[in-house]
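Single-letter residue listing:
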Amino acid sequence: MLRKFCDDIPAADLQALCAKTYTSAVFRSEAITPVKTLEPGLHILELSNGPTLAFKDMAMQLLGNLFEYVLAKKNERINILGATSGDTGSSAEYALRGKRGVNVFMLSPLGKMSAFQTAQMFSLQDANIFNIAVRGVFDDCQDMVKAVNSDSAFKARQRIGAVNSINWARVAAQVVYYFRGYFAVTRSNDEAVAFAVPSGNFGNICAGHIARMMGLPIARLILATNENNVLDEFFRSGSYRVRPAGEVAQTSSPSMDISKASNFERFAFDLVGRDAAMVKRLWSKVDAGGAFNLAGTPYFANAKEFGFVSGSSTHADRLATIRRVYKDYGVMIDTHTADGLKVGLEQRQPGVPLICLETALPVKFAQTIREALGRDPDYPPGCESLESLPQRFAVMDADAAAVKAYIARHTGP
Ligand SMILES: *Cc1c(COP(=O)(O)O)cnc(C)c1O
């Protein structure tokens with residue numbers, strides 16, 4: 001499937017890279033993405049059995065091997081600079097640790113990540129991984145990355161790169177598991193299924209849209225948000241309104257706390273009939289901090305044609321869903337997956353199998369699990385002692401000059 005998106009790597013090499021990436025040792029399961037059936041017609045597609053226990057590993061692990069392969073071929077080096085509030089940073093570090101030709105400089109807000117997330121990142125002892133804890137909030141980290149990238153001389157000299165959520169290889173790699181999920185729950189190719197997708201930056205569900213455009217019989221793509229409902233608002237009303245930073249709520253499904261959805265532009269291109277000039281007009285409004293409204297246009301009607309429906313949930317919904325799934329099926333789900341399942345069940349159609357994408361394991365969000373169930377989440381084998389391992393990180397003020405000096409000091413001439 002990846003070959004359809006990647007014609008500049010010989011097929012045998014791509015196959016070898018996939019075989020090296022998707023192993024039962026890394027993903028702790030022979031099936032890599034096993035399906036768990038809660039009841040007939042209701043399934044969870046497990047995507048969180050990789051090293052950081054969240055679905056971002058599915059694409060990022062491949063990206064790490066692609067980077068190493070391409071850099072070796074070109075005899076080049078790259079310094080990845082990123083900012084994270086949790087999942088993206090750790091999955092990038094676990095994908096790139098020990099890879100030849102790559103260093104990772106990852107900024108995170110000092111003391112703001114969960115204990116488990118902090119331990120996951122800061123316990124890495126690989127020489128090419130640099131964790132930088134910034135005295136500030138996530139936006140300060142992101143501003144520092146922007147400031148470094150806007151210094152084009154420094155950027156070129158130090159070979160600064162990124163692995164952010166709009167990375168196309170990440171989206172493409174995610175297409176594959178929609179097919180896997182489909183084949184796991186159907187017997188013949190005239191059956192249609194629905195996918196429920198906990199969504200933030202629209203990367204995961206964008207891959208579902210692409211799978212559908214490739215011909216996979218998807219009846220519905222059910223987009224779920226938390227209280228930060230910029231995407232749900234669009235699919236309900238046609239109005240896309242980016243939130244100012246002060247309007248972004250901190251929720252118990254923090255990986256979906258977004259003000260705008262960076263991959264949404266990709267879908268909008270299809271929505272407006274692949275009219276690039278139209279996308280440009282719409283995004284000039286978005287970039288000016290504004291909004292656009294497609295209500296009443298034929299474009300907005302296309303969203304239904306593409307199978308999209310949506311909904312959102314609250315902290316109370318998450319607690320109720322986690323409790324219900326635990327009580328009825330004996331299965332513990334995390335807060336993000338709970339958002340997906342809640343909205344998925346609201347939009348479920350009789351006779352259409354519903355596949356809810358699991359985007360993280362409960363252990364990453366232990367506090368909410370305790371609130372919902374009155375007990376600790378289970379630790380997957382090998383993660384029990386993570387929080388007591390020695391940690392390795394630098395602390396820095398929210399100052400772009402400081403991070404530039406740090407990078408220069410650690411990359412040599
Ligand atoms: C990143 C993330 C999401 C959101 O995925 P998008 O591709 O940004 O829509 C949902 N859940 C978890 C646990 C995540 O880490």
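Details of the structure are given in the entry above.
Here the structure is a predicted model, which is why all the values come from computation and not from measurement.

Draft legend 1. Examining the site of the ligand more closely. Near the ligand, the surroundings consist of 15 residues, among which Lys56, Asp87, Gly200, Asn201 and Asn204 are the closest. Between the ligand and Asn201, the relevant distance is 2.7 Å, taken from an oxygen atom to a main-chain nitrogen or oxygen of the residue. At a separation of 2.9 Å, a nitrogen atom of the ligand approaches a polar side-chain atom of Thr359. Protein coverage of the free-state accessible area of the ligand, which is 380 Å², stands at 96%. Here the residues of the shell around the ligand are counted per class, giving 5 nonpolar, 8 polar and 2 charged.

Draft legend 2. Spotlight on a nonpolar patch on the surface. Residues Leu110, Phe393 and Val395 make up a contiguous nonpolar surface patch of about 230 Å² in total accessible area. Mapped onto the secondary structure, Val395 falls in strand 13 (residues 394-397). Relative accessible area serves as the criterion here: at 39%, Val395 is assigned to the partly exposed category.

Draft legend 3. Structural detail: the nonpolar core. Counting 52 residues, the largest nonpolar core has Tyr178, Phe195, Phe202, Tyr240 and Phe264 as its most contacted members. Among the elements that line this core, the one with the most residues is helix 8 (residues 168-185), at 7 residues. In contact with Phe202, other than residues within four places in its own chain, are Leu223, Leu231, Phe235, Ala261, Asn263, Phe264, Phe267 and Phe308. Judged by nonpolar contacts, the second largest core, of 23 residues, contains Leu38, Ala196, Val309 and Val325.

Draft legend 4. Spotlight on unusual backbone geometry. In the Ramachandran plot, Leu53 falls in the positive-phi region, its phi being about 60 degrees despite a non-glycine side chain. Assignment of secondary structure puts Leu53 in the loop between strand 2 (42-46) and helix 3 (56-74). The class of Leu53 is buried, set by a relative accessible area of 1%.

Draft legend 5. Fine view of the pattern of salt bridges. Summed over all chains, the structure comprises 23 salt bridges. Here Glu46 and Lys36 are joined by a salt bridge, their closest N and O atoms 3.6 Å apart. Linking Glu46 in strand 2 with Lys36 in strand 1 (residues 35-39), this pair joins segments that are 10 residues apart in sequence. Judged by its relative accessible area of 13%, Glu46 falls in the buried class. Here Arg375 ties to Asp378 by a salt bridge, and the two come within 2.5 Å at their closest N and O atoms. Given a relative accessible area of 29%, Arg375 falls into the partly exposed group.

Draft legend 6. View of the layout of surface pockets. Within this model, the second largest pocket holds a volume of roughly 560 Å³. As for the second largest pocket, its lining consists of 24 residues, of which Asp8, Ile9, Leu66, Val70 and Ala169 are closest to the centre. Secondary structure elements with two or more residues in the lining of the second largest pocket: helix 3 and helix 8. Of all the elements, helix 3 adds the most residues to the lining of the second largest pocket, at 9 residues. Residue classes in the lining of the second largest pocket are distributed as 18 nonpolar, no polar and 6 charged.

Draft legend 7. Looking closely at the side chain of Asn49. In this structure, Asn49 sits in the loop between strand 2 and helix 3. At a separation of 3.0 Å, a polar atom in the side chain of Asn49 contacts the side chain of Glu46. Residues in contact with Asn49, not counting those within four places in the same chain, are Val26, Phe27, Arg28, Ile32, Pro34 and Leu361.

About the cut-offs
- Residues numbered from 1 in each chain as written.
- Predicted model: local features only at pLDDT ≥ 70, side-chain atom pairs only at ≥ 80, totals over all residues.
- Heavy atoms only, no water.
- Near = heavy atom within 4 Å.
- Polar contact = N/O pair within 3.5 Å; in protein donor to acceptor, adjacent residues only side chain to side chain.
- Areas by Shrake-Rupley, 256 points an atom, 1.4 Å probe, with all protein chains shown as cover.
- Nonpolar A, V, L, I, M, F, W, Y, C, P; charged D, E, K, R; others polar.
- Patch = residues over 30% accessible without salt bridge, like charges linked within 9 Å, V, L, I, M, F, W, Y side chains within 5 Å.
- Salt bridge = Lys/Arg side-chain N within 4 Å of Asp/Glu carboxyl O.
- Helix = DSSP H or I, 4+ residues; strand = E, 2+ residues; numbered from the N terminus.
- Buried < 20%, exposed > 50% of the residue type's maximum accessible area, 1.4 Å probe, protein only.
- Core = buried A, V, L, I, M, F, W, Y, C linked by side-chain atoms within 4.5 Å.
- Contact = heavy atoms within 4.5 Å.
- 1 Å grid on protein atoms, 1.4 Å probe; cavity = no way out; pocket = protein on both sides within 12 Å on 5 of 7 lines; lining within 4 Å.
- Points joined across faces, edges and corners; volume = space filled by probe spheres on them.

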